Structure formats: C-alpha cells, structure tokens
Protein chains: 2
Amino acid sequence: MKETTAPDCSISASLDILGDRWTILILRDAFRGVRRFEDFRRDLTIARPVLTERLKRLVERGVLERQLYCERPPRYEYRLTEMGMALSPALVALMRWGDQYLSAGDAPTVLVHDACGHPLDQQFVCWECDETFTQYDIASRPGPGASTVS
Amino acid sequence: MKETTAPDCSISASLDILGDRWTILILRDAFRGVRRFEDFRRDLTIARPVLTERLKRLVERGVLERQLYCERPPRYEYRLTEMGMALSPALVALMRWGDQYLSAGDAPTVLVHDACGHPLDQQFVCWECDETFTQYDIASRPGPGASTVS
DNA sequence: ATAGGTGAGTTCGGATTCAGAACCAAGTCG
DNA sequence: CGACTTGGTTCTGAATCCGAACTCACCTAT
C-alpha cells in the first residue's frame, strides 16, 4: 500500500479548527441564528471559559466574525463568515447521518428546499457527466498540493 | 465515558460517536483502506491505548466491524460497516472545506467521479424540483421526532 | 443613590484524558 | 533457541478540560 500520511490531508487541517465537540455545536447554533455569547451559553450549557476560548479561536481562524452591535455598553455578536457558511455541507452531512442511524427513524429536524418545502438530499455531482452519484463511485487522485510520491 | 445531551439535534447525537479528533482521523484512514491496528497506529502516530479505546467504541456503535483475517495467530481487521460508509458525505465535506479555505488553493488530494475521472462537486438536491442548489436555499422545519422546540 | 440584573469575560482547583513507556501473549522466522 | 511482529493492556506523570465562583461595566427600577 502506498504512503498516505496525515500531514497532507485537508481533513486533519479542518480538524485543527473544528476538532472538538463544542466547536461544532457552536457552529450548529450559529447556523440556527444564534449570535450572542449568552445565547450560546444557555443553549449549549457550556462553561463560560470554554465558550470564550472556542469563540476566540473561531474568530482567529476566520470562521466567525465579532461585530459590535451595541456601543454603550460594548456588546459583540458572533456571525458566520463566508468561510463559516461554507461548512454547511459538512454539518448537514453530520445531521443526516445522525438522523439516519442514530435516531430510530424520527428526525428531530428536517431540512427542506426553501423554494418548494420538500426534503432535500445531498449528493455528489459530476458536472462533466451532469449526473449525481453516491460514495461508491468516488475515486481519488493526488492534487496540485500533493507532496508525497508513492 | 459520558453520554451527554439529550439530542434535540442529530448533530449532537453524531458527535457522541465522532466527537473527538482521533475518531475522525481513524475513519479517514479507514476510507483510505487502512484496516489493521498497527497500520492505524503508525499512520496516525496515536498512542496505543487511545487507538484501542477508539476502535472499540466505533465497533460498539456499529461504525466499524472487527473481522478475523488470520486464524493462527488470531488477527483482526477493522472494516467500515454500511453505517460507517454512510459517513463519506461528511468526510468529503470536511475535506473540501479544508481544501478550499486552509490549504492555499493546493488540494493535496482530489476526489473524482470514478466513471470519468473529473473532479466531483457536492450539492444539495431536491428530487421534487429535480435541481441542485446551495446552502442559501435551505430551510428547516421540525421533523417527526421533534420533542423540544427552539 | 443604590440595589439588583445582565452580558461578557477571567481565575482557579479538581477531574479527565492523553502520551509514552514498559509489559504481555501468541505465533513466526532465522 | 532468541529475535521479531501484531495486537493489545497496565501504569504514571503531564496536559487539558471544565464548572463554580468572581469581576467588571453598564442598565433599570425604586
């Protein structure tokens, strides 16, 4: 088997930011529209120091941005950046997996196509062939940033 | 080991299984074809006890299965179950996010459509409207398993 | 003006968890 | 035989996480 090591894998880079339970739950809340420190804290029942630290990290890495929404007293809210919004396929995938395998067929929340209200699906798409397909039709090959050669 | 959270949300249920860094890296390796204890350990440079514990948990939860591949001496390998395979959209999404935002435009690995070799995309699909769309066209509503509303 | 409440943090111990090394067992190879 | 491999387990000190309590700045009602 060829050498496929951790360092040049984007998954481990992503996990450097998202790699703990709380961070992902914070982002889930952010997608639901939660923006303020105290709202995150109450909803997650997360300890304050942990929330402080996670929010700071997410802001540093560019996933959230901290915006003043009240001058006196200074109050900030945390909003998803474009980079943060781009995580939605990952969160949706996690949620659908949980729905399918962990909640006995009763999904607590259903995501729908805004335009028509019908449940959405998530698929891999090939724009060349112009068709959708599943994980069984995926292959991989080294990309431009590949460093190791087998 | 704590089973946190009554999941008002399938994401937190998923995170109960996947909620730490090592677990996801183990699954990433599993998708790449790694199957044996010692191969996981070497590739991830993870401490043995941690790997033992994570593999055991993944087997208990049904994400991996432990199969005898050698009778004398008894040797086992860890393979993705169907439930484990179903995580691929989540891992693919994570990888693509890392590619796009964390690796300066140089993706270490590119996923392609096996049939034609062209890079794949990941999209939301509505089978009613028969069209693909992005995260900006998603809405959510309570599903059959909704208990607490927020 | 003062007492109480709130939003956003910080400080500080104690409990987990982790890494690293040593140890074990069962078998194989030289 | 003795060395080596795979797949673990047990131990221990170090790093990390987390919750409770405290702070600080401001607002509101009395």
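Residues numbered from 1 in each chain as written. Chains lettered and ligands numbered in written order. Predicted model: local features only at pLDDT ≥ 70, side-chain atom pairs only at ≥ 80, totals over all residues. Heavy atoms only, no water.

(A) Spotlight on the sheet that holds strand 4 (residues 121-126) of chain B. The strand order across the open sheet formed by 4 strands is 5(A)-4(A)-4(B)-5(B), and the pairing between neighbours is antiparallel. Every other strand in the sheet has two partners, leaving strand 5 (131-133) of chain A together with strand 5 (131-133) of chain B as the edge strands with one partner each. Between one strand and the next, the sheet's axes are offset by a mean angle of 55°, whatever the strand orientation. Sheet strands in contact with helix 6 (residues 88-102) of chain B are strand 4 (121-126) of chain A together with strand 4 of chain B, and its direction is about 130° off that of strand 4 of chain B. (Pairing = 2+ DSSP bridges. Helix = DSSP H or I, 4+ residues; strand = E, 2+ residues; numbered from the N terminus. Axes fitted to C-alpha atoms, helices over the stretch in contact; angles between N-to-C directions. Contact = heavy atoms within 4.5 Å.)

(B) Broad picture of the interface of chain A and chain B. Opposite the 81 residues of chain A that make contact, chain B presents 81 residues. Summed over both sides, the interface between chain A and chain B buries roughly 7400 Å², with carbon and sulfur atoms accounting for 66% of that surface. Among the residues chain A hides against chain B, the three largest losses belong to Ile11, Arg21 and Trp97 of chain A. Together they make up 10% of the total. One salt bridge connects Arg21 of chain B with Asp16 of chain A, and the closest N-O pair in it is separated by 3.5 Å. The tally of links between chain A and chain B comes to 32 residue pairs in polar contact (both at pLDDT 80 or more). (Buried area = accessible area lost by both parts, 1.4 Å probe. Salt bridge = Lys/Arg side-chain N within 4 Å of Asp/Glu carboxyl O. Polar contact = N/O pair within 3.5 Å; in protein donor to acceptor, adjacent residues only side chain to side chain.)

(C) Main features of the relation of the copies chain A and chain B. At an RMSD of 0.2 Å, chain A and chain B line up after a rotation of 180° and a shift of 0.0 Å along the axis. One copy is carried onto the other by what is essentially a two-fold rotation axis. A shared binding surface is used by both copies, with 96% of the interface residues of chain A retained as interface residues in chain B. (Least-squares fit on C-alpha atoms with pLDDT ≥ 70 in both.)

(D) Region of the structure containing the protein's contact with DNA strand C. Contacts to DNA strand C come from 18 residues, most closely from Arg48, Pro49, Arg66 and Tyr78 of chain A together with Arg54 of chain B. Within the backbone of Phe37 of chain A, one N or O atom sits 3.4 Å away from a phosphate oxygen of DNA strand C. One of the side-chain nitrogen or oxygen atoms of Trp22 of chain B is found 3.3 Å away from a phosphate oxygen of DNA strand C. Elements supplying a minimum of two residues to the surface near DNA strand C: helix 3 (37-44), helix 4 (48-60), strand 1 (64-70) and strand 2 (75-80) of chain A together with helix 4 (48-60) of chain B. Residue classes in the surface near DNA strand C are distributed as 10 nonpolar, 1 polar and 7 charged. (Near = heavy atom within 4 Å. Nonpolar A, V, L, I, M, F, W, Y, C, P; charged D, E, K, R; others polar.)

(E) Structural detail: the packing of aromatic side chains. Residue and element names in this part refer to chain A. Applying the stated criterion across every chain, the model contains 4 aromatic pairs over all chains. Between Trp97 and Tyr101 the ring centres are 6.2 Å apart and the planes differ by 40°, which places this aromatic pair in the tilted class. Of the two residues, Trp97 and Tyr101 are both situated in helix 6 (residues 88-102); the distance of 4 residues between them amounts to about one turn of the helix. Residue Trp97 is classed as buried on the basis of its relative accessible area, which comes to 2%. A cation sits over an aromatic face here: Arg66 above Tyr76, 3.8 Å from the ring centre. (Phe/Tyr/Trp six-rings, centres within 6.5 Å; stacked < 30°, edge-to-face > 60°. Buried < 20%, exposed > 50% of the residue type's maximum accessible area, 1.4 Å probe, protein only. Lys NZ or Arg CZ within 6 Å of the ring centre and 35° of its normal.)

(F) Quick look at the nonpolar core. Within the largest apolar cluster, 72 residues are counted, with the highest numbers of intra-cluster contacts made by Leu27 of chain A together with Ile11 and Leu27 of chain B. When sequence neighbours within four positions are dropped, the list of residues in contact with Ile11 of chain B reads Ile24, Leu25, Arg28, Leu91, Leu94 and Met95 of chain A. (Core = buried A, V, L, I, M, F, W, Y, C linked by side-chain atoms within 4.5 Å.)

(G) Quick look at the protein's contact with DNA strand D. Around DNA strand D there are 20 residues in total, and Ala47 and Arg72 of chain A together with Thr52, Arg75 and Tyr78 of chain B lie nearest to it. Contacts to DNA strand D include Arg48 of chain B, whose side-chain N or O atom sits 2.9 Å from a base nitrogen. Tyr76 of chain B places a polar main-chain atom, nitrogen or oxygen, 3.5 Å from a phosphate oxygen of DNA strand D. Elements represented by at least two residues in the surface near DNA strand D include exactly helix 4 of chain A together with helix 3 (37-44), helix 4, strand 1 (64-70) and strand 2 (75-80) of chain B. Of all the elements, helix 4 of chain A adds the most residues to the surface near DNA strand D, at 4 residues. For the surface near DNA strand D, a count of residues per class yields 10 nonpolar, 1 polar and 9 charged.

(H) Representation of the confidence of the model for chain A. Mean pLDDT over chain A stands at 87; residues scoring 70 or higher make up 91%. Counting contacts from residues 1-7 of chain A, a segment whose pLDDT is below 50, to residues more than four positions away or on other chains yields 11 contacts. (pLDDT = per-residue confidence, 0-100.)

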